[in-house]
Amino acid sequence: MAEENTRVLIIGSGPAGYTAGIYASRANLQPVIYEGMQPGGQLTQTTEIENFPGYPTGVQGPEMMDHIRQQALRFGAEIRSKEISKVDFSKRPFRCEDEDGNVIMAETVIVSTGASAKYLGLPDEEKFRGLGVSACATCDGFFYRKKNVAVVGGGDTACEEALYLASLAKKVYLIVRKDYLRASDVMKKRVENCENIEILFNCNTVSLFGTDGLEGATLVRHKDTPEAESFSIDIDGFFLAIGHHPNTGFLDGQLELDSEGYIKVQGATTHTSVEGVFAAGDVADPRYRQAITAAGTGCRAALDAEHFLMEHSEL
Ligand code: NDP
């Protein structure tokens with residue numbers, strides 16, 4: 001198997017990874033980007049993006065990611081459509097291994113592997129993905145102006161998404177599997193006081209239906225009990241807000257994570273618990289999770305890596 005050296009290895013390829021690639025290549029660091037199994041990250045699963053600065057008439061998610069990717073290539077980033085499956089952060093240079101067993105010895109590593117929205121696991125979610133099913137109200141809510149939508153979840157994210165959608169949609173159903181909202185009191189109150197949100201407690205979604213895009217969902221109240229009752233709601237949009245999992249499995253516990261599994265960074269920097277390893281984008285951001293914020297941290301990670309290399313006289 002091959003072995004090579006690099007000054008900056010970027011693992012992951014959403015707006016954070018590609019932006020880190022632009023900055024690192026412009027700093028003449030010849031970064032290598034492993035873009036993984038989903039090149040471009042979560043945004044390649046959305047349709048139109050209307051809130052990324054610089055696209056006044058909007059842009060398709062995959063197209064925008066291709067633009068950022070091309071920009072990284074233009075300045076000399078090397079992009080590989082493979083995954084890093086193993087890392088060893090115990091000493092520098094860091095030994096990283098790709099899925100074929102090739103070894104990359106990296107002086108610095110930027111982890112930007114993103115986070116994945118959790119789905120319920122219904123086959124219908126796949127069938128209607130991009131045709132009514134979404135896990136991002138900020139990204140896709142605009143398409144449901146004056147329509148009926150549902151949000152699944154009872155936490156702060158679900159409440160936030162429901163409130164955001166309520167400002168656009170005609171009606172929002174909040175589907176909660178328990179008989180209470182887990183969200184903070186302030187969010188609960190806002191949702192309860194919002195006129196066009198109807199909370200459906202003790203409800204689970206069992207299927208989605210529609211012939212030309214999503215038209216409705218079948219729910220069961222008090223599932224798996226003698227009082228179980230099935231009913232349908234008419235909706236055009238179905239939003240999952242049941243949490244995300246950061247993609248950190250391959251790190252095998254070598255970086256400090258928070259209680260939710262996100263990589264911990266130091267203050268406003270992208271420094272992780274290991275010197276020379278930086279984190280950018282959703283994998284270190286349980287809060288904002290926007291393309292523009294991910295791109296911003298990608299930039300910061302590349303600058304942090306550059307400064308780190310300078311301080312360690314390895315430039
Ligand atoms: P949470 O884990 O807090 O909530 C997830 C919700 O989804 C829960 O209501 C849970 O139900 C429900 N759920 C999980 N799996 C399923 C399933 N299979 N079927 C149906 N429902 C399901 O995640 P959030 O993303 O809401 O929040 C994550 C963290 O981020 C929290 O600490 C939150 O406080 C914080 N946050 C803060 C914000 C703010 O301060 N403005 C905004 C957004 C998030 P159950 O309760 O039954 O487990």
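Summarised in this report is the structure supplied together with it. From a predicted model like this one, the values you see are computed outputs, not experimental measurements.

The rules we used
- Residues numbered from 1 in each chain as written.
- Predicted model: local features only at pLDDT ≥ 70, side-chain atom pairs only at ≥ 80, totals over all residues.
- Heavy atoms only, no water.
- Core = buried A, V, L, I, M, F, W, Y, C linked by side-chain atoms within 4.5 Å.
- Buried < 20%, exposed > 50% of the residue type's maximum accessible area, 1.4 Å probe, protein only.
- Helix = DSSP H or I, 4+ residues; strand = E, 2+ residues; numbered from the N terminus.
- Pairing = 2+ DSSP bridges.
- Contact = heavy atoms within 4.5 Å.
- Near = heavy atom within 4 Å.
- Polar contact = N/O pair within 3.5 Å; in protein donor to acceptor, adjacent residues only side chain to side chain.
- Areas by Shrake-Rupley, 256 points an atom, 1.4 Å probe, with all protein chains shown as cover.
- Nonpolar A, V, L, I, M, F, W, Y, C, P; charged D, E, K, R; others polar.
- Axes fitted to C-alpha atoms, helices over the stretch in contact; angles between N-to-C directions.
- Disulfide = S-S within 2.5 Å.

Now for the nonpolar core. Val 8, Ile 33, Met 64 and Ile 110 are the most contacted members of the largest nonpolar core, which totals 30 residues. Among the secondary structure elements, those contributing two or more residues to this core are strand E1 (3–11), helix H1 (15–26), helix H2 (61–74) and helix H7 (291–311). In terms of residue count, the dominant contributor to this core is H7 (eight residues).

So, about the pairing of strand E6 (residues 84–88). Regular strands show a simple pattern: their side chains alternate between the two faces of the sheet. Note: E6 against strand E7 (residues 94–98), four bridges, orientation antiparallel. When the bridges of E7 are listed, Val 87 appears paired with Cys 96. Hairpin connection from E6 to E7: five residues lie between these consecutive antiparallel strands.

Another point: the environment of Tyr 164. Summarising the element assignment, Tyr 164 is placed in helix H5 (residues 156–166). Considering only alpha carbons, one finds Tyr 164 and Phe 142, 22 residues apart in sequence, at a separation of 9.8 Å. The residues contacting Tyr 164, other than those within four sequence positions of it, are Ala 137, Thr 138 and Gly 141.

Around the ligand sit 13 residues, and of these Gly 154, Asp 156, Thr 157, Arg 177 and Arg 182 come closest. Measuring from an oxygen atom of the ligand, one finds a side-chain N or O atom of Asp 156 at 2.6 Å. Relative to its unbound accessible surface of 910 Å², the ligand loses 71% to contact with the protein. Of the residues belonging to the shell around the ligand, the class tally is three nonpolar, five polar and five charged.

We now examine the sheet that holds strand E15 (residues 216–221). Strand pairing within a sheet occurs via backbone hydrogen bonds; the two strands may be parallel or antiparallel. In space, the three strands of this open sheet follow the order E14-E15-E16, with antiparallel pairing throughout. The sheet is open, and its two borders are formed by strand E14 (203–209) and strand E16 (229–234), each paired with just one other strand. The mean inter-strand angle of the sheet, taken between neighbouring strand axes irrespective of direction, is 30 degrees.

It is worth spelling out the state of the cysteines at this point. Overall, the coordinates contain one disulfide when judged by the stated rule. Between the sulfur atoms of Cys 136 and its disulfide partner Cys 139 the distance amounts to 2.0 Å. As the torsion about the S-S bond is roughly 75 degrees, the Cys 136-Cys 139 disulfide counts as right-handed. For Cys 136, a relative accessible area of 16% translates into the label buried. For Cys 139, a relative accessible area of 22% puts it in the partly exposed group. Not part of a disulfide, Cys 159 finds its nearest cysteine sulfur in Cys 194, a span of 11 Å. A relative accessible area of 17% means that Cys 194 is categorised as buried.

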